[in-house]
Amino acid sequence: MDDGTITGEQEAGLLKAVADGVGIAGWHGGMGDSFRLNTEYQFMVGGQWVAHPGGVIDYEVNIINHEDPITRGLADFRMHSEQYYLHVDPSNEVLATTTFSGEHGAPWIAGCVMPAVWKRHYGQGRVFYTSLGHVASDFQVPEVHEIVKRGMLWAAR
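In short, a report on the structure.

### Some words on unusual backbone geometry
- Positive phi values are uncommon outside glycine, yet Phe35 reaches one of about 55°.
- Residue position: Phe35 is located in the loop between helix H2 (28-32) and helix H3 (39-45).
- Backbone geometry places His104, a non-glycine residue, at a positive phi of 65°.

### Some points on helix H4 (residues 142-156)
- The first and last C-alpha atoms of H4 sit 21 Å apart over 15 residues, in line with the 21 Å expected at 1.5 Å per residue.
- Taken residue by residue, H4 has Glu143, Val144, Glu146, Ile147, Val148, Gly151, Trp154 and Ala155 as its buried positions.
- The elements touched by buried residues of H4 are strand E1 (24-27), strand E3 (56-63), strand E4 (77-82), strand E7 (113-122) and strand E8 (125-130).

### Overview of the sheet that holds E7
- With respect to topology, six strands assemble into an open sheet ordered E1-E8-E7-E6-E3-E4, the strand pairing being mixed. Edge positions in the sheet fall to E1 and E4, since each has one partner strand and no second. Strand-to-strand twist in this sheet, taken as the mean axis angle between neighbours without regard to direction, amounts to 25°.
- Across four bridges, E1 lies against E8 in parallel orientation. The residue of E8 that forms the bridge with Ala25 is Phe128.
- Strands in contact with H4 are E1, E3, E4, E7 and E8; relative to E8, the strand with the most contacts, it is inclined by about 165°.

Calculation rules
- Residues numbered from 1 in each chain as written.
- Predicted model: local features only at pLDDT ≥ 70, side-chain atom pairs only at ≥ 80, totals over all residues.
- Heavy atoms only, no water.
- Helix = DSSP H or I, 4+ residues; strand = E, 2+ residues; numbered from the N terminus.
- Expected span 1.5 Å × (residues − 1).
- Buried < 20%, exposed > 50% of the residue type's maximum accessible area, 1.4 Å probe, protein only.
- Contact = heavy atoms within 4.5 Å.
- Pairing = 2+ DSSP bridges.
- Axes fitted to C-alpha atoms, helices over the stretch in contact; angles between N-to-C directions.

And the structure:
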């Protein structure tokens, strides 16, 4: 892999491993803004980054599934980071969302509810993604740290 690209052979190997049952977990641009020309990779992830209006801003993350082991016991929380606007797969199992204010030069997305944490299957593999985690200090937010930890454990089985 180099400069956000992946060869056909590398992509095929990754997709086959996950489809055969290997779990994959990731966050923010490391997983959600990788390999822009590889739509099968995006299909596996369940989404692709599009924009983060305003850059680093204050916003809220809302837990919508309180029964799932990844988000169980967690409450809504505030972030000071990039709020990702994504193109997302409707088959994702969404665990948390964020709602755009329409400020920051994008009034047409006011009230748009965007998935921020999801899980899914790709073949036999488990895929976990969260748009949270722009910088290391984001993981000092206890809920972010817990969501990522639990998401990785879920993906790894």
